[in-house]
Amino acid sequence: MTWRHALMIDPAASGADLTDFTATFSDVDPAGPVLSLGELSAQRGDGVFESIGVVDGHPQDVTAHLERLAHSARLCDLPRPHLGQWRAAVHVVAERCPAGESVIKLVLSRGVDRGPAPTAWVTATAAPDFTRVRRDGVRVVTLDRGIDSDASARAPWLLLGAKTLSYAVNMAAIREAHRRGADDAVFVSSDGIVLEAPTASVILRFGDRFVTPEPAAGILHGTTQLSLFAFLAARGFEVGYERVSVDRLQRAESGWLVSSVRLAAPIARVDDHPIPVDAALTASFNDHLLSPRG
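Residues numbered from 1 in each chain as written. Predicted model: local features only at pLDDT ≥ 70, side-chain atom pairs only at ≥ 80, totals over all residues. Heavy atoms only, no water.

Points about the side chain of Ser 189
- Note that Ser 189 resides in the loop between strand 8 (184–188) and strand 9 (201–206).
- For Ser 189, a relative accessible area of 3% puts it in the buried group.
- Among the polar contacts listed, one links the side chain of Ser 189 to the side chain of Asp 191, at a separation of 2.5 Å.
- Other than its neighbours up to four places away in sequence, Ser 189 contacts Asp 144, Ile 147, Asp 148, Ser 149 and Leu 195. (Helix = DSSP H or I, 4+ residues; strand = E, 2+ residues; numbered from the N terminus. Buried < 20%, exposed > 50% of the residue type's maximum accessible area, 1.4 Å probe, protein only. Polar contact = N/O pair within 3.5 Å; in protein donor to acceptor, adjacent residues only side chain to side chain. Contact = heavy atoms within 4.5 Å.)

Considering the environment of Ala 42
- The residue Ala 42 is located in helix 1 (residues 40–44) in this model.
- Along the sequence, Ala 42 and Ser 259 sit 217 residues apart, while their C-alpha atoms lie 24 Å from each other.

Here's the deal with the pattern of salt bridges
- Enumeration over the complete set of coordinates arrives at 18 salt bridges.
- For the salt bridge of Asp 148 with Arg 154, the shortest nitrogen-to-oxygen distance reads 2.9 Å.
- Three or more residues are tied together by salt bridges with common partners; here these are Arg 209, Glu 238, Glu 242 and Arg 248. (Salt bridge = Lys/Arg side-chain N within 4 Å of Asp/Glu carboxyl O.)

Details of the sheet that holds strand 3 (residues 47–55)
- The strand order across the open sheet built from six strands is 2-1-6-5-3-4, with neighbouring strands paired in antiparallel fashion. Across the chains shown, the open sheet's two edge strands, defined by having one partner strand only, are strand 2 (25–27) and strand 4 (58–59).
- Relative to strand 6 (residues 119–126), strand 1 (residues 5–9) runs antiparallel, the two sharing five bridges. Bridge assignment links Ala 6 to a residue of strand 6, and that residue is Thr 123.
- Running at roughly 175° to strand 3, helix 2 (residues 62–75) makes contact with strand 3, strand 4 and strand 5 (101–109) of the sheet. (Pairing = 2+ DSSP bridges. Axes fitted to C-alpha atoms, helices over the stretch in contact; angles between N-to-C directions.)

Notes on the nonpolar core
- Counting 26 residues, the largest nonpolar core has Ile 9, Trp 86, Ile 104, Leu 106, Leu 108 and Val 122 as its most contacted members.
- Mapped onto this core, the elements with two or more residues apiece are strand 1, strand 3, helix 2, helix 3 (83–94), strand 5 and strand 6.
- For this core, the leading source of residues is helix 3, giving five residues.
- In contact with Trp 86, not counting residues within four places along its chain, are Ile 9, Leu 66, Leu 69, Pro 81, Leu 106, Val 107, Leu 108, Ala 120, Trp 121 and Val 122.
- Formed by 21 residues, the second largest nonpolar core is a distinct cluster that contains Val 133, Val 202, Ala 265 and Ile 275. (Core = buried A, V, L, I, M, F, W, Y, C linked by side-chain atoms within 4.5 Å.)

Given below as structure tokens:
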């Protein structure tokens, strides 16, 4: 991606009684030197982030993203972000986005070791063109995440429910999927429970019931998944959180990988098992996700 806009934030204390945050924002050249060589987000991936979809200048599901940013910060022992300040920053950058689809990225880093902390910034760029995968779907392979489904409760220091900057494993999983002739991956626990994709949540259909793996298994609670569950519930469908086995994933009537920027991509194949693609329902999902909300 080529970043078009970047805004550094001087983080306000979470309880600060402020309404005008203009003086805490600094425009920076997204192509220029900005971060210190000692920045821990670059050295260790020690920070958290959110990616917000923008449609025709409107940032989507902002409240849900900010609440998850605060949740990730808490899990990582980072200072609680002032959500009003971050919301203001999102809207400043969103106003600069052109027509069409863009993506805003929020980053909260631990900063510089033994230096000023934290470091925070917001960037915006044009979103990739996901027209084909939204229409035709993705082939996925299941990959062992190397943890059992109870690891999050037993070892919270693994930060399994936080959206951290440490994405090397996620990107390695996508490269492995490509080596196996697939487009993407779905992580499964060592005891055979479906978790999530490297950059997306999983939604599956069984009859008139739509399910997603329960967040208690140590996965991110997807903002796009929440929006689609509200959309489905309003239309009379049953939605729920369940422990889903790999065998059940392979037998789903339909399935989707859903995320803030790619939106809803139907799953066309899981390992060697074809999955029916519901083109009409997928189109309605993406129409909803492209409409202004949040």
